[in-house]
Amino acid sequence: MTVAADFEALYGAAPDGVWAAPGRVNLIGEYTDFNDGFVLPLALPHTTVAAVSRRDDGVLRLHSGDVDGGIVQLDVEALDPLSGGGWAAYPAGVVWALRAAGHPVTGADVHLASTVPTGAGLSSSAALEVVTALALNDLFGLGLTRPELARIAQRAENDFVGVPCGVMDQMASACAVEGHALHLDTRDLSYRQVPFDLAAEGLALLVVDTRVKHALGDGAYAERRAGCEAGARALGVRALRDVDAAHLPAALERLSDGTILRYVRHVVSDNDRVVRVIALLDAGATRSVGPVLTDGHASLRDDLRVSCPELDLVVEAANAAGALGARMTGGGFGGSAVVLVEEERAEEITAAVRKAFAGAGYAEPGIFPAVPSAGARRL
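Here the structure is a predicted model, which means the values were calculated and not measured.

**Notes on the overall build of the protein**
From N to C terminus, the protein includes 11 helices and 13 strands. For 379 residues, the compact-globule formula gives about 21 Å, and the C-alpha radius of gyration of the protein, at 21 Å, lands near that figure. In terms of its C-alpha atoms, the protein occupies a principal-axis envelope of roughly 60 × 50 × 40 Å. Sequence-distant contacts, at least 24 apart, represent 73% of the contacts inside the protein between residues at least 6 apart. Entry remark: accessible area of the protein is about 14300 Å², with carbon and sulfur atoms responsible for 51%.

Below, the structure is given as C-alpha cells:
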C-alpha cells in the first residue's frame with residue numbers, strides 16, 4: 001500500500017497531501033555546524049514520507065508505519081518538551097516549535113513511512129522533522145522559507161527532544177538540490193549549491209553503514225559541544241569559526257586544557273578542510289578530495305575521539321583496497337562512513353570492506369552509493 005492509502009485506512013479519509021524529506025550524508029565538515037562553521041552535506045535518495053491532513057480542533061495524531069504501536073494522540077496545547085515519547089517526539093516537537101514561534105498550528109493527522117536508515121548517522125531524525133515542518137507550512141499557509149523551516153526543525157530537536165545538534169542536518173534535508181552538495185555557512189545560513197556529479201567523472205561515493213547504532217542524546221555529543229564553546233571563550237572569540245587555520249598553532253598555545261585543545265584543533269582544521277574541498281570541486285579536481293577526507297577521519301578519530309573500531313576499519317580497508325579517500329560521517333560512535341572511489345573499482349572496494357568486517361567478526365555492513373538527491377518537497 002502507498003503512504004496515502006495507509007493514511008486513509010488509519011484515519012478514514014484521504015490525506016490533504018503527501019510530502020517527502022531526505023536523509024543526508026556529510027561529505028566534509030563535522031562538528032563545525034554548532035561552531036558557526038562550514039559544512040558540505042548532500043541529500044540521499046532515502047526519504048521520510050508523510051501523509052498529512054490539517055485539523056482545527058487542537059488534536060495531533062501521529063502514526064509511523066516503521067514502528068510497532070498504534071496512533072499517538074496528543075493535545076497541541078499540552079505538548080511537553082523533554083518528556084520522552086520516542087519517535088513521536090520529533091514531529092510533536094515541530095508542532096511545539098511552530099506554535100512557540102507564534103504560528104497558528106491547530107492540529108494534524110500524520111502518517112509516516114521512512115527508508116532512511118535509523119541510527120546510521122544519516123539524519124533520519126532531521127528528515128522526520130523537516131517533512132513535518134514542510135507539510136504544516138503548506139497546510140497552514142505559514143509562508144516560511146526553507147532555512148526558516150530548518151531552524152524550526154532544529155529547535156524541535158534541541159529544545160523539545162533534547163539533542164543539542166547544529167542546523168546542518170535540517171538545512172541539508174530542506175534545501176538540497178539533486179546533483180549538488182550544499183555548501184552551508186551555519187552562521188548566517190547562506191548557502192551555495194555546488195555541482196557534484198560524480199558519475200560524470202567516473203567516480204562514486206559509497207556510504208558504509210557499520211550497523212553500530214549511535215545515540216547522540218547520551219551526553220558525548222553535548223560534552224564536545226560544551227568543550228568547543230569553552231575553547232571559544234578561552235580564545236576570546238564568538239565561535240571557533242573565527243579562528244583562522246593559519247593562526248591555529250598560536251591559538252592552541254593559549255589553551256591549557258588538553259581535551260579542549262584537541263576539540264579546537266579538530267574544528268578549526270575541519271572548517272579549513274571544507275574550504276579546501278570546495279576549492280577542489282570548483283577546480284574540477286574531485287579526485288584530490290580523497291586525501292582530505294582521510295585527513296578528516298584522522299582528526300575525528302584522534303582529536304575529537306568520536307570514531308569507533310568499525311568506522312576505523314572501513315577507512316583502513318577501503319584505502320588499502322585503492323579508495324581515493326574515506327572518513328566517518330555524522331556524529332560518530334558508530335553510524336556510517338563515506339568512501340570516494342573510482343566507479344569501476346566500487347565493487348572491488350565494497351568486497352574488501354565486507355571481507356575486513358567478516359575477518360574482524362563484525363556484522364556485515366550496509367553499503368550503497370550516495371547519489372546527490374533532491375531536498376524536501378510535496379509529492
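**Re the sheet that holds strand S12 (residues 366-369)**
Strand order in the open sheet formed by 4 strands is S10-S11-S9-S12, with antiparallel pairing between adjacent strands. Two strands close off the open sheet at either side, each with one partner strand: strand S10 (325-329) and S12. Taken over all neighbouring pairs, the strand axes of this sheet differ in orientation by 25° on average, direction set aside. The sheet contact formed by strand S9 (residues 203-209) and S12 spans 4 bridges and is antiparallel. Each bridged residue has a counterpart across the sheet, and for Val207 the counterpart in S12 is Phe368.

**Comments concerning the UniProt feature "binding site: Mg(2+)" (unreviewed entry) in the protein**
Per the UniProt record, "binding site: Mg(2+)" (unreviewed entry) is found at Ser125 and Glu157. These annotated residues cover 33 residues of sequence, and their C-alpha atoms all fall within 8.3 Å of one another, placing them together at a single site. Position of Ser125 among the secondary structure elements: in helix H3 (residues 124-139). Residue classification places Ser125 among the buried positions, given a relative accessible area of 18%. Excluding anything up to four places from it in sequence, Ser125 contacts Tyr90 and Glu157. Mapped onto the elements, Glu157 comes out in helix H4 (residues 146-161). Taking relative accessible area as the criterion, Glu157 reaches 7% and is therefore assigned buried.

**Let's talk about the packing of helix H2 (residues 89-100) against H4**
H4 packs onto H2 with a crossing angle of 110° between their chain directions and a minimal axis gap of 8 Å. In terms of their interaxial angle, H2 and H4 are classed as roughly perpendicular. On H4, the residues touching Ala89, Tyr90, Ala92, Gly93, Val94, Trp96, Ala97, Leu98 and Ala100 of H2 are Ile152, Arg155, Ala156, Glu157, Asp159, Phe160 and Val161. For the contact of H2 with H4, a count of residues per class yields 12 nonpolar, 1 polar and 3 charged.

**Comments concerning the environment of Leu235**
For Leu235, the location among the structural elements is in helix H6 (residues 220-235). Among the residues examined, Leu235 registers a relative accessible area of 7% and is labelled buried. Residues Leu235 and Gln170, 65 residues apart in the sequence, show an inter-C-alpha distance of 29 Å. Other than its neighbours up to four places away in sequence, Leu235 contacts Leu240, Val243, Ala251, Arg254, Leu255 and Val264.

**Observations concerning the sheet that holds strand S2 (residues 38-39)**
Here we have 3 strands laid out as an open sheet, ordered S2-S7-S8, and antiparallel in their pairing. Every interior strand has two partners, whereas the edge strands, S2 and strand S8 (190-195), have only one. Sheet topology note: the S2/strand S7 (residues 180-185) ladder contains 2 bridges and is antiparallel. The residue of S7 that forms the bridge with Phe38 is Asp185.

**With respect to helix H11 (residues 346-360)**
Over its 15 residues, H11 runs 21 Å from end to end, which matches the ideal 21 Å to within 8%, given 1.5 Å per residue. Among all positions in H11, only Ala346, Ile349, Thr350, Val353 and Phe357 are buried. Around the axis of H11, the buried residues are gathered within 105° of arc, so they sit on the same side. When the buried face of H11 is taken as reference, the exposed residues oriented beyond 90 degrees from it are Glu347, Lys355, Ala358 and Gly359. Immediately beyond the C-terminal end of H11, within one or two residues, lies Gly361, with a positive phi of roughly 80°.

**A word on the nonpolar core**
Membership of the largest hydrophobic core comes to 48 residues, with the highest contact counts inside it found for Val52, Leu98, Leu136 and Met171. Ignoring any residue separated from it by four or fewer positions in sequence, one finds Leu98 in contact with His103, Val105, Leu136, Leu142, Leu144 and Ile152.

**Thoughts on the UniProt feature "domain: GHMP kinase N-terminal" (unreviewed entry) in the protein**
In this structure's numbering, the residues bearing the UniProt feature "domain: GHMP kinase N-terminal" (unreviewed entry) are residues 90-175. Taken end to end, residues 90-175 is 59% helix and 8% strand, and its two terminal C-alpha atoms sit 19 Å from one another.

**Quick notes on the side chain of Thr350**
Examined against the element boundaries, Thr350 turns out to sit in helix H11. By relative accessible area, which is 16% here, Thr350 ends up buried. Within the local environment of Thr350, its side chain forms a polar contact with the backbone oxygen of Ala346, the two atoms lying 2.8 Å apart.

**Description of the packing of aromatic side chains**
Between two aromatic rings, the relevant description is the distance of the centres plus the angle of the planes. Taken as a whole, this structure holds 6 aromatic pairs when the rule is applied. Considering the side-chain rings of Phe34 and Tyr221, the 5.6 Å spacing of their centres and the 70° angle between planes classify their relative orientation as edge-to-face. Linking Phe34 in the loop between strand S1 (17-26) and S2 with Tyr221 in helix H6, this pair joins segments that are 187 residues apart in sequence. The exposure classification of Phe34 matches that of Tyr221, with both residues buried.

Cut-off values and rules
Within each chain, residues carry numbers counting from 1 in the order of the written sequence. Per-residue local features of the predicted model are confined to residues with pLDDT of at least 70, and side-chain atom pairs are confined, for both listing and counting, to 80 or more; whole-chain, interface and lining totals are unaffected and use all residues. The basis for every side-chain value is the complete set of heavy atoms in the structure, and neither hydrogens nor water enter the calculation. Helix and strand definitions follow DSSP, with helices as H or I runs of at least four residues and strands as E runs of at least two, each counted in order from the N terminus. Based on C-alpha atoms, the radius of gyration is set beside the globule rule, defined as 2.2 Å times the residue count to the power 0.38. Whether two residues touch is decided by their heavy atoms; if any such pair falls within 4.5 Å, the residues are in contact. With residues, only the protein chains shown are counted as cover, and all accessible areas are computed by Shrake-Rupley using a 1.4 Å probe. Think of it this way: DSSP has to see at least two bridges between two strands before they count as a pair. The axes used here are C-alpha line fits, helices contributing only the stretch in contact, and every angle between their N-to-C directions lies in the interval 0 to 180 degrees. UniProt positions are given in the numbering used here, feature names are shortened, and annotations may be inferred rather than shown by experiment. For every residue, the accessible area (1.4 Å probe, protein chains only) is compared with the maximum for its type, and the residue is labelled buried under 20%, exposed over 50%, or partly exposed between those bounds. Between 65 and 115 degrees an angle is taken as roughly perpendicular, under 35 as roughly parallel, over 145 as roughly antiparallel, and anywhere else as oblique. Residues are sorted three ways: Asp, Glu, Lys and Arg are charged, Ala, Val, Leu, Ile, Met, Phe, Trp, Tyr, Cys and Pro are nonpolar, and all the rest, Gly among them, are polar. For a helix, the expected span equals 1.5 Å multiplied by the number of residues minus one. In this description, the arc belongs to the directions extending from the helix axis to the C-beta atoms. Nonpolar core, defined: a set of buried Ala, Val, Leu, Ile, Met, Phe, Trp, Tyr and Cys residues in which side-chain atoms within 4.5 Å join the residues together. Polar contact is the term for a pair of N or O atoms within 3.5 Å; when the atoms are in protein, one must be able to donate a hydrogen and the other to accept it, and sequence-neighboring residues count only if both atoms are side-chain atoms. Pairing of aromatic rings covers Phe, Tyr and Trp, the last through its six-membered ring, and needs centres within 6.5 Å; plane angles under 30 degrees mean stacked, over 60 mean edge-to-face, and all others mean tilted.

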